[in-house]
Amino acid sequence: MDHVEPQPDLPRHRLSERHLDALCTGGGGPDLVRQLWHTQRSRRLLLLHAVIEAASADARLLGPLPPADTARDVLVRAEESAPAEFTDLLLHPQIGNWAAYTLRRHRGGADAQAPIWADFGALHAVALVAAARAGLRWRTRLPARSGRVMLPSLGMAVLPAPGRWCAVEAECADGRVRIGDPDQGVTVRLDSTEDDVPGWWGLRRLSAGTGPGLRVLLDDVDPYRELADPVEPDRLDDAAVARWSELLAGAWRLLHEQQPDTAESIAAGVVSLVPLPTSDDLETRSASTGEAFGSVMVSTPPDEATLAVSLVHEFQHIKLGGLMHLVPLTTGRDEQTRYAPWRDDPRPLGGLLQGIYAFVGIAAFLRDYRLTCTGAQRRDADLEYAYARAQVREALRGLRRPAGLTDWGERLLGRLAERVEPWLAEPLPVESTRAAELIALGHRSGWRIRHLRPPAEDVRRLTLAWVGGRGVQVDPYRPAVVAHPQQRWSQGLLLLVRRYVAGYPLQLGPRLRALDVSEADIALVRGDADAARAGYLARLAADADDLNAWVGLGLTTLGPTSDSALPHRDSVLLHRPELVRAVYARAAERGYRPDALRLTAWLDELTAGVNPLASDAGRPR
């Protein structure tokens, strides 16, 4: 992050037309990023003021700690004495996270086991660091969690723990900070806080490249470094830090070579890297939050390219979050009813916009990156680009009638669509486009069969017509969104296709079986639609509520077949699987055992001419 100077003469923040246009297309250079940092400074001051006001109004919020006014006074003195140092501290990402979380908790938006003064008390830690950076002498008391005390932007003191929660003495003077009593406490110098000494975990700094270079804190200890409640420290050993340094250097080289303008912007905007625990499915996870502007959270990636994609992904979220702090993009109540091709759960409109914005950035990077790859790496990159492009296309298609967007939201969506449109016509290998289509349609079908509920009257009338051999008038189809309890379900097919494209043998090991992958799925990915169809029908015969079998059966309509009686690629089984399953289940309840393929063929004929994509699915009715 470049140095951010206070701008006290500005009554309100402004972004130029040039900057706004760049933001709306998913771009924006370092000068734009610096403007967003200025807006964050104002936001952080407001958050800090709100914390102080709340604590001043209710002394119980600080418990055994000094009053809020003592922190306010030293913060004012620190800003007057060293305004640049004060601003640098204020913009530390985790300070934004801490202040926002503390206010949410105070207002009933977060639950916690910790006494509330442990969260409000971090105000004194912020004030202590500000005083130390300004060269002031100051004493206070700080909250300790099992003997651990975080000094934002510096590191964590680890003291003998007299209990789960307690208050400890702290002071700063002459470029030093002491935490704890003189006998058992720890003293650190401001010019060497990165060095670990007994009782101290310093925040490490990683550097990658030059001109521009990326300089980030590797934050593995701050309680407020993640998304929700405070978390315990997860200190990395030297080998893990070295691995992160290696991965970051490689990712930065790729970014600088492929998209130097993006790299320059990231260098100005990303200041903190938070390692996340590796998930059970071994997928790389990443996240960011608007309250921690400049911080990227990511689990250890398998390679530098994956980390480069994660940096681009989260930097897009960071930029759009900065814009959303300035202008609203959506109107009214933002219900979680939308389909997002990269999420297994229904999303609010604002979240869908964030996803589109991020995946435009991902697709743009992969579009360039794939051209530098060869062999198996090229096949992988072609698949990932084809898939990201398909996801963006599907999301944009779902917002062709963007009810709920402000003028700014519509402007953003329109400019993103204009940028992506030429990409959709670019040729890709047939194998990559087929594999991407399989994953994308499988995800959409899986989402629909879990989260969309057909109108009960439609299901009743269709079932009576089916079992009675009668015709029926088809009304406009308006399913309701009812969130399914299964939160993660789409990784099996994705992993299988990636393995197939990479050239690995497709065998059902423990991991694939745990993700509900079967021999039918392997046949589907290999292109043997007949074998896959037989396998899925066998699964449904054993369990008519096997959702993945319904989805897989629909995907077999994408493959070639010589039987004209079988469903076709525009089949209702692929595009409205929830309707086929509901009618099937209702017929079974009435004592019939319907043939899934015959039922589908009947519904296909009945709904011929009706838009099979149902692109408005997921909107509240």
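Shown above is the structure to which this text applies.
A.B. asks: Looking at this structure, how should I read the overall build of the chain?
C.D. replies: Looking only at helices and strands, the chain has 23 helices and 14 strands in total. Here the C-alpha atoms of the chain give a radius of gyration of 28 Å, agreeing with the 25 Å that 2.2 N^0.38 yields for 621 residues. With respect to the three principal axes, the spread of C-alpha positions in the chain is 90 × 50 × 50 Å. Once local pairs closer than 6 in sequence are excluded, the contacts in the chain between residues at least 24 apart make up 69%.

A.B. asks: What is the right way to look at the environment of Leu405 in this model?
C.D. replies: Summarising the element assignment, Leu405 is placed in the loop between helix 12 (375–398) and helix 13 (407–424). Once the C-alpha coordinates of Leu405 and Thr331 are considered, the two residues, 74 residues apart in sequence, prove to be 5.8 Å apart. Every residue in contact with Leu405, bar those within four places of it in the chain, is listed here: Leu329, Thr330, Thr331, Leu349, Leu353, Glu410 and Leu413.

A.B. asks: How should I be thinking about the nonpolar core in this particular structure?
C.D. replies: Generally speaking, nonpolar side chains in soluble globular proteins are found buried as a group. Leu255, Ile356, Val497 and Leu555 are the most contacted members of the largest nonpolar core, which has 129 residues in total. Judged by nonpolar contacts, the second largest core, of 56 residues, contains Leu47, Leu65, Ile95 and Tyr224.

A.B. asks: I tried to follow the sheet that holds strand 8 (residues 204–208) on my own but got confused; where do I start?
C.D. replies: Where strands meet in a sheet, backbone hydrogen bonds hold them as pairs that are either parallel or antiparallel. The mixed open sheet is built from five strands, whose spatial order is 8-9-10-12-11. The outermost strands of the open sheet, each flanked by one partner alone, are strand 8 and strand 11 (286–287). One ladder, built from two bridges, connects strand 11 with strand 12 (residues 295–299); its direction is antiparallel. The partner of Ala287 across the bridge, within strand 12, is Met297.

A.B. asks: Any chance you could explain the packing of helix 14 (residues 430–451) against helix 20 (residues 547–555) here in plain terms?
C.D. replies: For any two helices packed against each other, the geometry is given by the interaxial angle and the distance between the axes. Their axes nearest at 9 Å, the elements helix 14 and helix 20 cross at an angle of 135°. If you check the angle between helix 14 and helix 20, you find them oblique. You can see that helix 14 and helix 20 cross each other, and the crossing is right-handed. For the pair formed by helix 14 and helix 20, the contact residues are Leu438, Leu441, Gly442, Ser445, Gly446, Ile449 and Arg450 on the first element and Leu547, Asn548, Trp550, Val551 and Leu555 on the second.

A.B. asks: Sorry if this is basic, but what is going on with the packing of helix 15 (residues 456–468) against helix 23 (residues 596–606) here?
C.D. replies: Orientation of helix 15 relative to helix 23, taken along the N-to-C sense of each, is 115°, at an axis distance of 12 Å. Considering their axes alone, helix 15 and helix 23 lie roughly perpendicular with respect to each other. When the axes of helix 15 and helix 23 are compared, the crossing they make is right-handed. When helix 15 is examined against helix 23, the residues Leu462, Ala465 and Trp466 are found in contact with a partner set consisting of Arg598, Leu599, Trp602, Leu603 and Leu606. In terms of residue class, the contact of helix 15 with helix 23 is made up of seven nonpolar, no polar and one charged.

Definitions and cut-offs
Residues numbered from 1 in each chain as written. Predicted model: local features only at pLDDT ≥ 70, side-chain atom pairs only at ≥ 80, totals over all residues. Heavy atoms only, no water. Helix = DSSP H or I, 4+ residues; strand = E, 2+ residues; numbered from the N terminus. Rg over C-alpha atoms; globule rule 2.2 N^0.38 Å. Contact = heavy atoms within 4.5 Å. Core = buried A, V, L, I, M, F, W, Y, C linked by side-chain atoms within 4.5 Å. Buried < 20%, exposed > 50% of the residue type's maximum accessible area, 1.4 Å probe, protein only. Pairing = 2+ DSSP bridges. Axes fitted to C-alpha atoms, helices over the stretch in contact; angles between N-to-C directions. Parallel < 35°, antiparallel > 145°, perpendicular 65-115°, else oblique. Left-handed = near helix turned anticlockwise from the far one by under 90°. Nonpolar A, V, L, I, M, F, W, Y, C, P; charged D, E, K, R; others polar.

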